[in-house]
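# Structural description and commentary
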Amino acid sequence: LPSDSRYSETVSDLFDLAGLPLSGLSIDRPVRDIGRETVLYYLLSINKPAPAMSLAAFLSLPLLPWSQEEGNCLAQAVMDRDFKLEPLETLSSEGRKVLELVKNGVEKPKELSDSLRRLSILMNDKEGFTSHVERTRALIGELLGVLQNANEVPWKDIIRRASPGSLSERVESELTRE
């Protein structure tokens, strides 16, 4: 098959529909770059005034120290034009700290550096997201290097650097004897 992953997916789907066994086909499935998304939406959320959609997207990301339900509730409050970011009663102390970081915003490079360091510490390393947390921390390290000698926050540059890339996950089909 050609190296384009769409061919492998199509062949796999076709064989599944026909009920035919397929052995040894590997497929590269696209995966969201949640690590970079977390940093991108965080940057957009702390650069005031923050777009409501960016803030809601940030609050609902799985790397943050709250459950998916709590994140969705916080995001829905923002979409309902409630920008106070009041912590939910069930929110952990780490979750409250993240909300404070977003509420406070930043204006100076040192403030942004400190804020990014705190975010890196407060992230939730949930099962299945370890590689995303590592990508987030690596990106934060890169951004800290950019901010080190800056006189003002280079928002355009750091937002460009934080843009999510395309990731893929290789899925191997089972080897059969047929």
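Calculation notes
- The numbers attached to residues start from 1 for each chain and follow its sequence in the written order.
- In view of the model being predicted, local features appear only for residues whose pLDDT reaches at least 70, and side-chain atom pairs are presented and counted only at 80 or more, with totals across whole chains, interfaces and linings using the full set of residues.
- Side-chain calculation: all heavy atoms of the structure are included, whereas hydrogens and water are not.
- Salt bridge, as used here: a side-chain nitrogen of Lys or Arg that lies within 4 Å of a carboxyl oxygen of Asp or Glu.
- Think of it in three bands: with a 1.4 Å probe and only protein chains considered, a residue is buried below 20% of the maximum accessible area for its type, exposed above 50%, and partly exposed in between.
- Only DSSP runs of H or I with at least four residues qualify as helices, and only runs of E with at least two residues qualify as strands; both kinds are numbered from the N terminus onward.
- Structural elements are reduced to axes, namely lines fitted to C-alpha atoms, with helices fitted over the stretch in contact, and the angle between N-to-C directions of any two is expressed from 0 to 180 degrees.
- Angles below 35 degrees are treated as roughly parallel, those above 145 as roughly antiparallel, those between 65 and 115 as roughly perpendicular, and all remaining angles as oblique.
- Note: crossing handedness is left-handed where the near helix turns anticlockwise from the far helix by less than a right angle, and right-handed where it turns clockwise.
- By the convention used here, residues are in contact when the closest approach between their heavy atoms is within 4.5 Å.
- Only buried Ala, Val, Leu, Ile, Met, Phe, Trp, Tyr and Cys residues count toward a nonpolar core, and they belong to the same one when joined by side-chain atoms within 4.5 Å.
- Whenever two N or O atoms come within 3.5 Å, that pair is a polar contact, provided that in protein one can donate a hydrogen and the other can accept it, and provided that, for residues adjacent in sequence, both atoms are side-chain atoms.
- Pairs were defined over the aromatic rings of Phe, Tyr and Trp, the Trp ring being its six-membered one, requiring ring centres within 6.5 Å. Orientation was assigned from the angle between planes: stacked under 30 degrees, edge-to-face over 60, tilted for the rest.

## Focus on the pattern of salt bridges
Counted by the stated rule, this structure contains nine salt bridges. Of the charged contacts, one joins Arg36 and Asp33 as a salt bridge, the two residues approaching to 4.0 Å between their closest N and O atoms. Each member of the pair, Arg36 as well as Asp33, is classed as buried. In this structure, Asp33 and Arg135 form a salt bridge, with 2.8 Å as the shortest nitrogen-oxygen distance. Of this pair, Asp33 sits in the loop between strand E1 (26-31) and helix H2 (34-46) while Arg135 sits in helix H7 (residues 130-147); the two residues are 102 residues apart in sequence, bridging distant segments of the chain. Where salt bridges share partners, they join Glu142, Asp157, Arg160 and Arg161 into one cluster.

## Observations regarding the packing of helix H6 (residues 109-122) against H7
Angle between the axes and distance between the axes: these two values describe a pair of packed helices. In contact at an axis separation of 10 Å, H6 and H7 are set at 165 degrees when each is read in the N-to-C sense. By the criterion of interaxial angle, the relationship of H6 to H7 is roughly antiparallel. Read as a crossing pair, H6 and H7 show a hand that is left-handed. Contact residues: H6 offers Pro109, Leu112, Ser113, Leu116, Arg117, Ser120 and Ile121, while H7 offers Arg137, Ile140, Leu143, Leu144 and Leu147.

## Digging into helix H3 (residues 52-59)
By the burial criterion, the buried members of H3 are Ser54, Leu55, Ala56, Phe58 and Leu59. Buried residues in H3 make contact with H2, helix H4 (68-79), helix H5 (93-104) and H6.

## Brief notes about the packing of H2 against H3
Following both chains from N to C, one finds H2 and H3 inclined at 135 degrees, their axes separated by 8 Å at the closest point. The pairing of H2 with H3 is recorded here as oblique in orientation. Crossing of H2 over H3 shows left-handed handedness. Across the interface between the two elements, Thr38, Tyr41, Tyr42, Leu44 and Ser45 from H2 touch Ser54, Leu55, Ala57 and Phe58 from H3.

## Here's the deal with the nonpolar core
A general trend in soluble globular proteins is that nonpolar side chains are found buried together. Counting residues in hydrophobic clusters, the biggest one holds 39 residues, and the most contacted among them are Leu43, Phe58, Leu59, Leu112 and Leu116. Contributing elements (two or more residues each) for this core: H2, H3, H4, H5, H6, H7 and helix H8 (155-161). For Leu59, the residues in contact, after removing those within four places along its chain, are Leu64, Trp66, Gly71, Leu74, Ala75, Val78, Leu85 and Leu99.

## Looking at the environment of Thr90
Note that Thr90 resides in the loop between H4 and H5. Classification of Thr90 by relative accessible area gives exposed; the value is 60%. Spatially, the C-alpha atom of Thr90 lies 9.6 Å from that of Ser67, the residues being 23 residues apart in sequence. A polar contact of 2.5 Å, which involves the side chain of Thr90, links it to the side chain of Glu70.

## Concerning the packing of aromatic side chains
Throughout the structure, instances matching the rule amount to one aromatic pair. Ring geometry for Tyr42 and Phe58: centres 5.5 Å apart, planes at 45 degrees, overall tilted. On the criterion of sequence distance, the pair formed by Tyr42 in helix H2 and Phe58 in helix H3 is long-range, its members being 16 residues apart. Owing to a relative accessible area of 0%, Tyr42 belongs among the buried residues under this scheme.

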